[in-house]
Amino acid sequence: MASSSRAQFSSRIGFILAAAGSAVGLGNIWGFPTQAASNGGAVFLLVYLVMVFALAYPLLVAELTIGRYGSANPIKSIRSIWPQQRGAATVLGIAGMIAVSMILSFYAIVAGWLFGFLVGPILEAIGFVNAAIWLESFSASRNLILMIAFMVLTIMVVRNGVANGIERWSTRLMPVLLILFVVMVAYILTQEGAMEGLKMYLVPDFSHLSPDLVVSAMGQAFFSLSLGVCSMMVYGSYLKKDANLPKTAAQVALLDTSVAFIAGMLILPAMFVAQHNGVEIYNEAGALLDSDTLVFSVLPAMFNTMGAGGLFVGVMFFVLMVIAALTSSISMLEVPVACATEELNQDRKVAVWWIGGLITLFSALIVFNFGDLFGLVISLTTEYAQPILGMLFALLVGWVWKRDNVLKEIKEGYPELEQGLFWKIWPWYVRVVCPIMMLMVFFA
(Lines give C-alpha, C1' and ligand atoms only; values in the text may rest on other atoms or scores of the structure.)
Protein backbone atom coordinates (compact mmCIF):
# COMPACT_ATOMS: atom_id res chain seq x y z
CA MET A 1 0.00 0.00 0.00
CA ALA A 2 2.92 2.36 0.62
CA SER A 3 4.08 4.66 -2.13
CA SER A 4 7.77 4.28 -2.76
CA SER A 5 8.31 8.01 -2.19
CA ARG A 6 6.79 7.98 1.30
CA ALA A 7 9.17 8.61 4.20
CA GLN A 8 10.25 5.66 6.31
CA PHE A 9 12.43 5.05 9.33
CA SER A 10 15.88 4.20 7.98
CA SER A 11 16.55 1.44 10.53
CA ARG A 12 14.70 -0.83 12.95
CA ILE A 13 16.63 0.55 15.93
CA GLY A 14 15.68 4.06 14.77
CA PHE A 15 12.01 3.09 14.83
CA ILE A 16 12.29 1.35 18.22
CA LEU A 17 14.00 4.37 19.82
CA ALA A 18 11.51 6.79 18.22
CA ALA A 19 8.46 4.71 19.23
CA ALA A 20 9.86 4.17 22.73
CA GLY A 21 10.60 7.89 22.84
CA SER A 22 6.98 8.57 21.97
CA ALA A 23 5.88 6.27 24.78
CA VAL A 24 8.52 7.45 27.27
CA GLY A 25 7.21 10.70 28.61
CA LEU A 26 5.98 12.36 31.76
CA GLY A 27 3.65 9.39 32.28
CA ASN A 28 6.67 7.16 32.91
CA ILE A 29 8.95 9.52 34.78
CA TRP A 30 6.32 11.45 36.69
CA GLY A 31 3.07 9.51 36.60
CA PHE A 32 4.29 5.95 37.15
CA PRO A 33 6.54 6.58 40.20
CA THR A 34 3.82 8.73 41.80
CA GLN A 35 1.23 6.00 41.24
CA ALA A 36 3.65 3.41 42.62
CA ALA A 37 4.38 5.52 45.70
CA SER A 38 0.63 6.04 46.29
CA ASN A 39 -0.27 2.35 45.80
CA GLY A 40 2.17 0.38 47.92
CA GLY A 41 5.27 0.46 45.70
CA ALA A 42 6.26 -3.08 44.74
CA VAL A 43 2.68 -4.43 44.48
CA PHE A 44 1.76 -1.70 42.01
CA LEU A 45 4.96 -2.40 40.06
CA LEU A 46 4.11 -6.11 39.73
CA VAL A 47 0.53 -5.49 38.59
CA TYR A 48 1.73 -2.78 36.19
CA LEU A 49 4.25 -5.15 34.57
CA VAL A 50 1.49 -7.73 34.07
CA MET A 51 -0.83 -5.11 32.57
CA VAL A 52 1.76 -3.82 30.09
CA PHE A 53 1.86 -7.22 28.43
CA ALA A 54 -1.75 -8.25 29.11
CA LEU A 55 -3.37 -5.04 27.78
CA ALA A 56 -0.94 -2.53 26.30
CA TYR A 57 1.21 -4.86 24.19
CA PRO A 58 -1.66 -6.50 22.18
CA LEU A 59 -3.13 -3.05 21.49
CA LEU A 60 0.29 -1.71 20.45
CA VAL A 61 0.57 -4.51 17.86
CA ALA A 62 -2.94 -3.62 16.63
CA GLU A 63 -2.15 0.10 16.16
CA LEU A 64 1.20 -0.57 14.47
CA THR A 65 -0.47 -3.09 12.13
CA ILE A 66 -3.20 -0.62 11.08
CA GLY A 67 -0.54 2.03 10.45
CA ARG A 68 1.78 -0.16 8.43
CA TYR A 69 -1.05 -1.66 6.36
CA GLY A 70 -2.34 1.79 5.41
CA SER A 71 1.19 3.24 5.04
CA ALA A 72 -0.51 6.62 5.42
CA ASN A 73 -1.84 9.05 8.00
CA PRO A 74 -4.34 7.68 10.56
CA ILE A 75 -7.41 8.93 8.64
CA LYS A 76 -6.38 7.11 5.45
CA SER A 77 -5.09 4.05 7.35
CA ILE A 78 -8.40 3.54 9.20
CA ARG A 79 -10.31 4.01 5.92
CA SER A 80 -8.11 1.33 4.32
CA ILE A 81 -9.27 -1.32 6.82
CA TRP A 82 -12.88 -0.06 6.97
CA PRO A 83 -13.65 0.89 3.33
CA GLN A 84 -17.35 0.10 3.64
CA GLN A 85 -17.76 2.94 6.20
CA ARG A 86 -15.48 5.67 4.87
CA GLY A 87 -17.36 8.44 6.69
CA ALA A 88 -17.15 6.75 10.11
CA ALA A 89 -13.49 5.82 9.49
CA THR A 90 -12.68 9.45 8.64
CA VAL A 91 -14.45 10.70 11.78
CA LEU A 92 -12.50 8.19 13.90
CA GLY A 93 -9.18 9.32 12.40
CA ILE A 94 -10.04 12.99 12.91
CA ALA A 95 -11.10 12.27 16.53
CA GLY A 96 -7.68 10.71 17.20
CA MET A 97 -5.96 13.69 15.59
CA ILE A 98 -7.94 16.19 17.70
CA ALA A 99 -7.37 14.18 20.91
CA VAL A 100 -3.60 14.03 20.44
CA SER A 101 -3.47 17.76 19.59
CA MET A 102 -5.37 18.57 22.80
CA ILE A 103 -3.00 16.37 24.82
CA LEU A 104 -0.04 18.24 23.31
CA SER A 105 -1.66 21.57 24.27
CA PHE A 106 -1.51 20.84 28.01
CA TYR A 107 1.66 18.73 27.74
CA ALA A 108 3.53 21.76 26.34
CA ILE A 109 2.55 23.81 29.41
CA VAL A 110 3.90 21.16 31.81
CA ALA A 111 7.04 20.74 29.68
CA GLY A 112 7.52 24.51 29.93
CA TRP A 113 7.47 24.26 33.72
CA LEU A 114 10.15 21.57 33.53
CA PHE A 115 12.24 23.85 31.33
CA GLY A 116 11.86 26.62 33.93
CA PHE A 117 13.03 24.34 36.73
CA LEU A 118 15.98 23.28 34.55
CA VAL A 119 17.21 26.82 33.84
CA GLY A 120 16.16 28.47 37.16
CA PRO A 121 18.81 26.92 39.46
CA ILE A 122 21.57 27.71 36.93
CA LEU A 123 20.53 31.38 36.78
CA GLU A 124 20.32 31.52 40.57
CA ALA A 125 23.82 30.04 40.88
CA ILE A 126 25.30 32.78 38.67
CA GLY A 127 23.46 35.60 40.45
CA PHE A 128 20.26 36.13 38.42
CA VAL A 129 18.02 35.46 41.42
CA ASN A 130 14.93 37.39 40.23
CA ALA A 131 14.96 35.64 36.85
CA ALA A 132 15.25 32.29 38.64
CA ILE A 133 12.32 33.11 40.92
CA TRP A 134 10.20 34.12 37.88
CA LEU A 135 11.05 30.85 36.07
CA GLU A 136 10.10 28.73 39.09
CA SER A 137 6.98 30.66 40.15
CA PHE A 138 3.52 30.10 38.74
CA SER A 139 2.33 32.95 36.52
CA ALA A 140 0.48 33.32 33.20
CA SER A 141 3.45 35.11 31.59
CA ARG A 142 5.90 32.38 32.69
CA ASN A 143 3.55 29.61 31.54
CA LEU A 144 2.97 31.29 28.16
CA ILE A 145 6.60 32.08 27.28
CA LEU A 146 7.97 28.67 28.31
CA MET A 147 5.12 26.84 26.54
CA ILE A 148 5.85 28.76 23.32
CA ALA A 149 9.58 27.96 23.64
CA PHE A 150 8.83 24.26 24.02
CA MET A 151 6.36 24.23 21.09
CA VAL A 152 8.93 25.95 18.82
CA LEU A 153 11.49 23.29 19.80
CA THR A 154 8.96 20.52 18.95
CA ILE A 155 8.07 22.18 15.62
CA MET A 156 11.76 22.48 14.63
CA VAL A 157 12.28 18.72 15.07
CA VAL A 158 9.08 17.65 13.26
CA ARG A 159 9.56 20.03 10.30
CA ASN A 160 12.68 18.06 9.28
CA GLY A 161 10.62 14.94 8.62
CA VAL A 162 10.85 11.32 9.71
CA ALA A 163 14.49 10.29 9.12
CA ASN A 164 16.18 13.70 9.50
CA GLY A 165 13.96 14.99 12.29
CA ILE A 166 12.13 12.43 14.42
CA GLU A 167 14.49 9.46 13.96
CA ARG A 168 17.69 11.49 14.17
CA TRP A 169 16.72 13.22 17.43
CA SER A 170 15.13 10.13 19.02
CA THR A 171 18.29 8.06 18.40
CA ARG A 172 20.33 10.80 20.08
CA LEU A 173 18.03 11.73 22.95
CA MET A 174 16.91 8.26 24.09
CA PRO A 175 20.44 6.93 24.83
CA VAL A 176 21.24 10.21 26.66
CA LEU A 177 18.05 9.79 28.70
CA LEU A 178 18.94 6.18 29.64
CA ILE A 179 22.53 7.09 30.60
CA LEU A 180 21.35 10.05 32.70
CA PHE A 181 18.87 7.78 34.45
CA VAL A 182 21.48 5.17 35.37
CA VAL A 183 23.93 7.83 36.63
CA MET A 184 21.26 9.51 38.76
CA VAL A 185 19.95 6.24 40.20
CA ALA A 186 23.52 5.26 41.15
CA TYR A 187 24.00 8.65 42.86
CA ILE A 188 20.66 8.71 44.72
CA LEU A 189 21.19 5.18 46.08
CA THR A 190 24.35 6.39 47.88
CA GLN A 191 22.31 8.96 49.87
CA GLU A 192 20.96 8.38 53.37
CA GLY A 193 17.31 7.25 53.39
CA ALA A 194 17.43 5.83 49.85
CA MET A 195 17.32 2.18 50.95
CA GLU A 196 13.96 2.73 52.66
CA GLY A 197 12.48 3.90 49.34
CA LEU A 198 14.15 1.04 47.46
CA LYS A 199 12.66 -1.47 49.89
CA MET A 200 9.18 0.00 49.38
CA TYR A 201 9.66 -0.24 45.60
CA LEU A 202 11.05 -3.78 45.38
CA VAL A 203 9.64 -5.73 48.36
CA PRO A 204 5.91 -6.43 47.85
CA ASP A 205 3.39 -5.89 50.62
CA PHE A 206 0.26 -7.62 49.29
CA SER A 207 -1.98 -5.94 51.86
CA HIS A 208 -2.06 -3.00 49.38
CA LEU A 209 -3.54 -5.16 46.59
CA SER A 210 -7.08 -4.02 45.67
CA PRO A 211 -9.38 -3.75 42.63
CA ASP A 212 -8.66 0.00 42.50
CA LEU A 213 -4.92 -0.68 42.35
CA VAL A 214 -5.42 -3.15 39.48
CA VAL A 215 -7.48 -0.62 37.49
CA SER A 216 -4.94 2.16 38.19
CA ALA A 217 -2.11 -0.08 36.95
CA MET A 218 -4.17 -1.00 33.88
CA GLY A 219 -4.78 2.65 33.04
CA GLN A 220 -1.13 3.57 33.63
CA ALA A 221 0.06 0.75 31.34
CA PHE A 222 -2.31 1.88 28.59
CA PHE A 223 -1.41 5.58 28.80
CA SER A 224 2.29 4.82 29.20
CA LEU A 225 2.54 3.38 25.67
CA SER A 226 0.83 6.36 23.94
CA LEU A 227 -2.10 4.18 22.87
CA GLY A 228 -5.45 5.41 21.58
CA VAL A 229 -4.26 8.70 20.08
CA CYS A 230 -2.83 7.52 16.72
CA SER A 231 0.84 8.28 17.57
CA MET A 232 1.81 4.63 17.26
CA MET A 233 -0.40 4.25 14.18
CA VAL A 234 1.42 7.06 12.37
CA TYR A 235 4.83 5.71 13.44
CA GLY A 236 3.75 2.25 12.23
CA SER A 237 2.95 3.80 8.84
CA TYR A 238 6.64 4.69 8.45
CA LEU A 239 7.77 1.11 9.19
CA LYS A 240 9.26 -1.02 6.45
CA LYS A 241 7.25 -4.06 5.35
CA ASP A 242 9.93 -6.52 6.43
CA ALA A 243 9.68 -5.50 10.10
CA ASN A 244 8.41 -8.22 12.44
CA LEU A 245 5.51 -6.38 14.08
CA PRO A 246 4.97 -8.56 17.20
CA LYS A 247 8.72 -8.59 17.94
CA THR A 248 9.17 -4.87 17.26
CA ALA A 249 6.16 -4.00 19.45
CA ALA A 250 7.57 -6.19 22.24
CA GLN A 251 10.91 -4.35 22.06
CA VAL A 252 9.16 -0.95 22.23
CA ALA A 253 7.04 -2.10 25.20
CA LEU A 254 10.10 -3.54 26.94
CA LEU A 255 12.14 -0.35 26.50
CA ASP A 256 9.25 1.84 27.65
CA THR A 257 8.62 -0.37 30.69
CA SER A 258 12.33 -0.41 31.53
CA VAL A 259 12.34 3.38 31.62
CA ALA A 260 9.29 3.41 33.92
CA PHE A 261 10.98 0.82 36.16
CA ILE A 262 14.22 2.84 36.36
CA ALA A 263 12.19 6.02 37.01
CA GLY A 264 10.72 4.28 40.05
CA MET A 265 14.26 3.29 41.11
CA LEU A 266 15.10 7.00 41.03
CA ILE A 267 11.99 8.73 42.34
CA LEU A 268 10.96 6.50 45.27
CA PRO A 269 14.43 6.41 46.89
CA ALA A 270 14.72 10.17 46.16
CA MET A 271 11.46 10.76 48.06
CA PHE A 272 12.84 9.07 51.16
CA VAL A 273 16.18 10.88 50.80
CA ALA A 274 14.12 14.10 50.74
CA GLN A 275 12.22 12.99 53.83
CA HIS A 276 15.53 12.16 55.56
CA ASN A 277 16.68 15.70 54.72
CA GLY A 278 13.59 17.21 56.35
CA VAL A 279 11.37 17.65 53.27
CA GLU A 280 7.70 16.77 53.80
CA ILE A 281 6.48 14.09 51.35
CA TYR A 282 3.30 12.87 53.08
CA ASN A 283 0.34 14.89 54.38
CA GLU A 284 -1.12 14.60 57.87
CA ALA A 285 -3.34 11.68 56.84
CA GLY A 286 -0.28 9.71 55.70
CA ALA A 287 -1.09 10.04 52.00
CA LEU A 288 1.51 11.07 49.42
CA LEU A 289 1.47 14.75 48.52
CA ASP A 290 0.20 15.57 45.00
CA SER A 291 2.32 14.51 42.06
CA ASP A 292 2.95 18.11 40.98
CA THR A 293 4.28 18.77 44.49
CA LEU A 294 6.53 15.73 44.17
CA VAL A 295 8.30 16.94 41.03
CA PHE A 296 8.17 20.70 41.51
CA SER A 297 8.53 20.99 45.30
CA VAL A 298 9.78 17.83 46.98
CA LEU A 299 12.64 16.99 44.59
CA PRO A 300 13.96 20.59 44.15
CA ALA A 301 13.86 20.95 47.95
CA MET A 302 15.90 17.74 48.21
CA PHE A 303 18.42 18.99 45.63
CA ASN A 304 18.82 22.19 47.69
CA THR A 305 19.84 20.13 50.74
CA MET A 306 22.72 18.54 48.79
CA GLY A 307 24.91 21.62 48.43
CA ALA A 308 26.93 22.06 45.21
CA GLY A 309 26.24 18.45 44.18
CA GLY A 310 22.53 19.15 44.46
CA LEU A 311 22.68 21.80 41.73
CA PHE A 312 24.25 19.32 39.31
CA VAL A 313 21.83 16.51 40.21
CA GLY A 314 18.84 18.88 39.99
CA VAL A 315 19.85 20.18 36.56
CA MET A 316 20.44 16.62 35.31
CA PHE A 317 17.02 15.52 36.59
CA PHE A 318 15.19 18.29 34.74
CA VAL A 319 17.30 17.75 31.59
CA LEU A 320 16.03 14.18 31.74
CA MET A 321 12.43 15.34 32.18
CA VAL A 322 12.65 17.78 29.24
CA ILE A 323 14.13 15.07 26.97
CA ALA A 324 11.30 12.69 27.90
CA ALA A 325 8.73 15.41 27.22
CA LEU A 326 10.28 16.30 23.84
CA THR A 327 10.45 12.71 22.52
CA SER A 328 6.72 12.42 23.30
CA SER A 329 5.69 15.82 21.96
CA ILE A 330 7.30 15.24 18.54
CA SER A 331 5.26 12.05 18.10
CA MET A 332 2.07 13.91 19.06
CA LEU A 333 2.65 16.77 16.60
CA GLU A 334 3.51 14.27 13.84
CA VAL A 335 -0.10 12.92 13.87
CA PRO A 336 -1.89 16.08 12.61
CA VAL A 337 1.11 17.03 10.44
CA ALA A 338 0.96 13.63 8.66
CA CYS A 339 -2.79 14.14 8.12
CA ALA A 340 -2.31 17.65 6.68
CA THR A 341 0.56 16.71 4.34
CA GLU A 342 -1.33 13.72 2.88
CA GLU A 343 -5.02 14.69 3.08
CA LEU A 344 -4.51 18.35 2.08
CA ASN A 345 -1.35 17.82 -0.04
CA GLN A 346 0.52 20.43 1.97
CA ASP A 347 4.26 20.91 2.23
CA ARG A 348 5.51 19.55 5.59
CA LYS A 349 7.36 22.78 6.44
CA VAL A 350 4.16 24.80 5.92
CA ALA A 351 1.85 22.30 7.70
CA VAL A 352 4.03 21.97 10.79
CA TRP A 353 4.01 25.74 11.42
CA TRP A 354 0.28 26.38 11.04
CA ILE A 355 -0.71 23.22 12.95
CA GLY A 356 1.90 23.90 15.66
CA GLY A 357 0.63 27.49 15.73
CA LEU A 358 -2.99 26.41 16.24
CA ILE A 359 -2.02 24.04 19.07
CA THR A 360 0.05 26.86 20.63
CA LEU A 361 -2.98 29.20 20.44
CA PHE A 362 -5.18 26.59 22.14
CA SER A 363 -2.45 26.09 24.74
CA ALA A 364 -2.39 29.88 25.32
CA LEU A 365 -6.17 29.77 25.85
CA ILE A 366 -5.58 27.16 28.58
CA VAL A 367 -2.81 29.32 30.12
CA PHE A 368 -5.13 32.35 30.44
CA ASN A 369 -8.06 30.25 31.72
CA PHE A 370 -5.93 27.85 33.73
CA GLY A 371 -8.33 27.10 36.58
CA ASP A 372 -11.23 26.28 34.25
CA LEU A 373 -9.48 24.55 31.35
CA PHE A 374 -6.27 22.78 32.42
CA GLY A 375 -7.86 19.99 34.46
CA LEU A 376 -10.83 19.77 32.08
CA VAL A 377 -8.65 19.19 28.97
CA ILE A 378 -6.56 16.58 30.82
CA SER A 379 -9.71 14.76 31.95
CA LEU A 380 -11.41 14.87 28.51
CA THR A 381 -8.36 13.51 26.70
CA THR A 382 -6.74 11.01 29.06
CA GLU A 383 -9.80 9.74 30.97
CA TYR A 384 -12.31 9.68 28.09
CA ALA A 385 -10.85 10.10 24.57
CA GLN A 386 -7.84 7.77 24.95
CA PRO A 387 -9.69 4.75 26.44
CA ILE A 388 -12.64 5.12 24.04
CA LEU A 389 -10.42 5.43 20.94
CA GLY A 390 -8.17 2.59 22.13
CA MET A 391 -11.19 0.35 22.56
CA LEU A 392 -12.55 1.31 19.11
CA PHE A 393 -9.20 0.50 17.47
CA ALA A 394 -9.24 -2.93 19.18
CA LEU A 395 -12.80 -3.55 17.95
CA LEU A 396 -11.82 -2.49 14.40
CA VAL A 397 -8.93 -4.94 14.27
CA GLY A 398 -10.82 -7.70 16.05
CA TRP A 399 -14.25 -7.50 14.39
CA VAL A 400 -14.20 -5.28 11.27
CA TRP A 401 -10.90 -5.92 9.54
CA LYS A 402 -10.94 -9.21 7.65
CA ARG A 403 -8.85 -11.78 9.51
CA ASP A 404 -7.10 -12.89 6.31
CA ASN A 405 -5.94 -9.32 5.64
CA VAL A 406 -4.67 -8.93 9.20
CA LEU A 407 -2.76 -12.20 8.88
CA LYS A 408 -1.32 -11.20 5.51
CA GLU A 409 -0.08 -7.84 6.87
CA ILE A 410 1.59 -9.28 9.99
CA LYS A 411 3.11 -12.13 7.95
CA GLU A 412 5.01 -9.59 5.80
CA GLY A 413 7.85 -9.54 8.31
CA TYR A 414 6.96 -12.76 10.15
CA PRO A 415 6.41 -15.56 7.55
CA GLU A 416 6.17 -18.35 10.15
CA LEU A 417 3.43 -16.47 12.07
CA GLU A 418 0.63 -19.04 11.65
CA GLN A 419 2.66 -21.78 13.33
CA GLY A 420 3.47 -19.67 16.40
CA LEU A 421 1.63 -19.11 19.68
CA PHE A 422 1.11 -15.40 18.93
CA TRP A 423 -1.41 -15.97 16.12
CA LYS A 424 -3.30 -18.58 18.19
CA ILE A 425 -3.91 -16.04 20.98
CA TRP A 426 -3.68 -12.46 19.67
CA PRO A 427 -6.70 -12.22 17.26
CA TRP A 428 -9.36 -13.33 19.76
CA TYR A 429 -7.54 -11.57 22.60
CA VAL A 430 -7.75 -8.19 20.80
CA ARG A 431 -11.32 -9.00 19.77
CA VAL A 432 -12.68 -9.89 23.25
CA VAL A 433 -10.29 -9.44 26.17
CA CYS A 434 -8.79 -6.02 25.32
CA PRO A 435 -12.16 -4.22 24.85
CA ILE A 436 -13.44 -5.66 28.16
CA MET A 437 -10.27 -4.49 29.96
CA MET A 438 -10.60 -1.06 28.32
CA LEU A 439 -14.18 -0.80 29.59
CA MET A 440 -12.87 -1.56 33.10
CA VAL A 441 -10.39 1.33 32.80
CA PHE A 442 -13.10 3.61 31.45
CA PHE A 443 -15.77 2.89 34.05
CA ALA A 444 -13.43 2.61 37.05
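As a convention, each chain's residues are numbered from 1 in the sequence order in which they are written. Confidence filtering applies because this is a predicted model: local features only for residues at pLDDT of at least 70, side-chain atom pairs given and counted only at 80 or more, and all residues used for totals across whole chains, interfaces and linings. As a convention, hydrogens and water are excluded, and side-chain values are obtained from all of the structure's heavy atoms.

Per an unreviewed UniProt entry, the chain goes by the name Sodium-dependent transporter and belongs to Photobacterium lipolyticum. Under the UniProt heading Subcellular location (unreviewed entry), the entry covering the chain gives this text: "Membrane". UniProt positions are given in the numbering used here, feature names are shortened, and annotations may be inferred rather than shown by experiment.

**Student:** Hey, could you run me through the overall build of the chain in this one?
**Tutor:** Secondary structure counts use DSSP, requiring at least four H or I residues in a row for a helix and at least two E residues in a row for a strand, with both numbered from the N terminus. Tallying secondary structure elements over the chain gives 18 helices and zero strands in all. As defined in this context, the radius of gyration uses C-alpha atoms, and a globule is described by 2.2 Å times the residue total to the power 0.38. By the compact-globule yardstick of 22 Å for 444 residues, the chain fits well, its C-alpha radius of gyration being 21 Å. In terms of overall dimensions, the chain has a C-alpha envelope of 60 × 50 × 40 Å along the principal axes. Any residue under 20% of the maximum accessible area for its type is buried, any over 50% is exposed, and the rest in between are partly exposed; the area is computed with a 1.4 Å probe on protein chains only. Looking at the chain as a whole, 57% of its 444 residues qualify as buried.

**Student:** Looking at this model, I keep getting lost on the packing of aromatic side chains. Mind explaining?
**Tutor:** Where two aromatic rings form a pair, the distance of their centres and the angle of their planes describe that pair. Centre distance within 6.5 Å is the pairing criterion for rings of Phe, Tyr and Trp, where only the six-membered ring of Trp is used; planes under 30 degrees apart are then read as stacked, over 60 as edge-to-face, and the remainder as tilted. Inspection of every chain in the model, using the stated rule, returns 22 aromatic pairs. Between the NZ or CZ atom of Arg172 and the centre of the ring of Trp169, over which it lies, the distance is 5.1 Å. Only lysine NZ and arginine CZ atoms are considered, and such an atom sits over a ring when it is within 6 Å of the ring centre and within 35 degrees of the ring normal. Positioned above the aromatic ring of Trp399 is the side chain of Arg431, whose terminal nitrogen or guanidinium carbon lies 4.0 Å from the ring centre.

**Student:** In this structure, what is going on with the nonpolar core? I would like to understand it.
**Tutor:** Here is a general trend for soluble globular proteins: nonpolar side chains tend to be buried in one another's company. Nonpolar cores are built from buried Ala, Val, Leu, Ile, Met, Phe, Trp, Tyr and Cys residues. Side-chain atoms within 4.5 Å join them into one set. Counting residues in each nonpolar core, the largest one holds 167 residues, and the members touching the most others are Phe317, Phe318 and Trp426. Discounting residues that sit within four places of it in the chain, Phe318 has contacts with Leu114, Phe117, Leu118, Val295, Phe296, Pro300 and Phe303. Throughout, a residue-residue contact means that at least one pair of heavy atoms, one from each residue, lies within 4.5 Å.

**Student:** I'm lost on a nonpolar patch on the surface in this one. Help?
**Tutor:** Surface patches are drawn from residues lacking salt bridges whose relative accessible area is over 30%; two like charges belong together within 9 Å, two nonpolar side chains (Val, Leu, Ile, Met, Phe, Trp, Tyr) within 5 Å. To be clear on the numbers: accessible area is Shrake-Rupley with a 1.4 Å probe, and residue cover counts the displayed protein chains and nothing else. A pair is scored as a salt bridge if a Lys or Arg side-chain nitrogen falls within 4 Å of a carboxyl oxygen belonging to Asp or Glu. Together, Trp399, Leu421, Ile425, Trp428, Val432, Ile436 and Met440 make up a nonpolar patch on the protein surface, roughly 700 Å² of accessible area in all. Among the secondary structure elements, Trp399 is positioned in helix H16 (residues 370-400).

**Student:** What is the right way to read the pattern of salt bridges from this model?
**Tutor:** Side chains that differ in charge, positive against negative, can pair when their charged atoms come close. Using the criterion set out here, one finds five salt bridges in the structure. A salt bridge links Glu409 to Arg68; the nearest nitrogen and oxygen atoms lie 2.8 Å apart. Placement of the pair is Glu409 in helix H17 (residues 403-411) and Arg68 in helix H3 (residues 42-70), with a sequence separation of 341 residues. A residue is classified by how much of its surface remains accessible, and Glu409, at 4% relative accessible area, is buried. The partner of Glu343 in a salt bridge is Arg79, with the nearest N and O atoms 3.2 Å apart. One end of the pair, Glu343, is in helix H14 (residues 308-343); the other, Arg79, is in helix H4 (residues 74-81), and 264 residues separate them in sequence.

**Student:** How should I be thinking about unusual backbone geometry in this particular structure?
**Tutor:** The phi dihedral of Ser71 is positive, around 45°, even though this residue is not glycine. For Ser71, the location among the structural elements is in the loop between H3 and H4. For Ser71, a relative accessible area of 5% gives the class buried. The phi angle at Cys230 is positive, at roughly 75°, despite the residue not being glycine. Within the secondary structure, Cys230 is located in the loop between helix H10 (211-224) and helix H11 (231-236). By relative accessible area, which is 0% here, Cys230 ends up buried.

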